[in-house]
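# An overview of the molecular structure
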Amino acid sequence: MNIHNRKFLVTGGAGFIGSHLVDRLVTGGCARVVVIDDFNDFYDPSIKERNLAAHRGNRNVRVVKCDIRDHEALAEVFTEEKFDALIHLAARAGVRPSLDQARLYQEVNLGGTLLLLDLARAHGIQQFVFASSSSVYGPRARPPFTEEMALEPISPYAATKAGGEMLAHTYSHLYGMRIVCLRFFTVYGARQRPDLAIHKFARKIANGEPVPLYGDGSTERDYTYIEDILDGLEGAIGYARAGATPFEVINLGESHTISLSRLVSLLEAALGRKAIIDWRPAQPGDMPRTHASIGKARRLLGYSPSTPVEAGIGRFAEWFNSNRKETLIHA
C-alpha cells in the first residue's frame, strides 16, 4: 500500500498493536502520524512510553495524551490536523476485567468510538478502520468463524466491540464514510501487553512461578502474529481508499488453532523451562475456541498470514529474553 505523504490518526497508538502500526507507517514514508493514547494504568504506562521511544524527536510523529471520551480535547486535535485516514485501535481491553467494569467499558469502547466517528464525519475523513475482536462471535459459533455468522457476545467487552461495529455501519450508511472493521484473533508478538496469556505465561515460567490455566487446557485459540496483523491493517487502509464497498467486516487470524495445553508446551520449549501449572475453574465470558475463516481477507485485502504459531512463539521468546529485565520490572 502506498502511504507516502498521507496523514494518519492512530488511536491507542502507544499500545501493543498501535505502536507497531506507527512504526510501519513511519517506515513507509507517511507524511505525519498523530497518536492519541490516554496512557492509563490498566498496565504500567511506562511500557507505552517505551513503545514509542524510537519516535521521540521525530517532527512527523505527534503524541497526544487524551482520553477518547474527552470530546473537547479530541475536537481540538481534529481542528489542528487534517487526516487522510483514522485507525481506531483504542479501547478498554480484556474479557475478564470487563465483567467487573462494564460501565467503564461501555463509556470508553462505545462512547469513545461514537465521538471519533462523529468527529471524522464532521471533518470530512472518509477512511476509518475500526479494531474489533473475535470475541463478538460467542461460544456457539461453528469453526471456522465467518463474517456472516450471527453474533452472540458473552462479555461486556465483546458486546462493546459488536456495538462499535454497528455504530461504524450506521455512519457508513448515513454519511458515505468508507469503514473497515477488523476482527482480530488473539494477537501476539514483541511488545504484547503483560496481561495477555502468552506474555503472562512466559513471565511466570521464567520466574518459576505457577501458571494459572483456566478450564482443562482444551480451549483453543487462533493465535495471530503481529506482523501478519500489520499486513492486514495496511490492506484495510488501502481498501478503504480504493473505491470499493463502503463498509466491510473482515476477520484477521492465522486460520489455525492450538489448544491452551499445546501453547504452554511451545512456550516451555522456546524458553527452555518447564511450567508449574495451577489449574483453575473455567472463567465466565471466556470463549471455548476461536478460529478465523480468512477467505474474505485474502480476497479483499490480499491478506496472507505467513507466521505459524510454532514460529511466532519462538520469535516472541527471543524478544522476551532480550527484554526480560524490563518485562519483569514493569509487569
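Here, every reference points to the structure presented above.
What comes next is a walk through the structure. No experiment lies behind these values; they were computed from the predicted model shown.

### Quick look at the side chain of H20
As for its placement among the helices and strands, H20 is situated in helix α1 (residues 16-27). If we ignore the near neighbours within four places in the chain, the residues touching H20 are A190, R191, I226 and L230.

### Brief notes about the nonpolar core
Counting residues in each nonpolar core, the largest one holds 69 residues, and the members touching the most others are I17, I87, L89, L182, F184 and L233. Counting residues per element, this core draws most heavily on helix α8 (residues 226-241), at seven residues. Discounting residues that sit within four places of it in the chain, L182 has contacts with V129, F130, A131, S132, S133, G232, L233, A236, I250, L252 and L301. In this structure, A75, V77, L117 and F128 belong to the second largest nonpolar core, which totals 30 residues.

### Quick notes on the packing of aromatic side chains
Evaluation of the coordinates by the stated rule reveals 11 aromatic pairs. When the ring of F78 is compared with that of F83, the centres are 6.0 Å apart and the planes differ by 80°; the resulting orientation is edge-to-face. Residue classification places F78 among the buried residues on the basis of a relative accessible area of 2%. On the basis of relative accessibility, which here comes to 6%, the residue F83 falls in the buried class. Seen in terms of ring centroids, Y188 and Y223 are 6.4 Å apart; in terms of plane orientation they differ by 85°. Their pairing is edge-to-face. Highlighted residues: Y188 in strand β7 (residues 187-188) and Y223 in the loop between β9 (220-221) and β10 (224-225), separated in sequence by 35 residues. The same class applies to Y188 and to Y223, which are both buried.

Rules used in this analysis
Residues numbered from 1 in each chain as written. Predicted model: local features only at pLDDT ≥ 70, side-chain atom pairs only at ≥ 80, totals over all residues. Heavy atoms only, no water. Helix = DSSP H or I, 4+ residues; strand = E, 2+ residues; numbered from the N terminus. Contact = heavy atoms within 4.5 Å. Core = buried A, V, L, I, M, F, W, Y, C linked by side-chain atoms within 4.5 Å. Buried < 20%, exposed > 50% of the residue type's maximum accessible area, 1.4 Å probe, protein only. Phe/Tyr/Trp six-rings, centres within 6.5 Å; stacked < 30°, edge-to-face > 60°.

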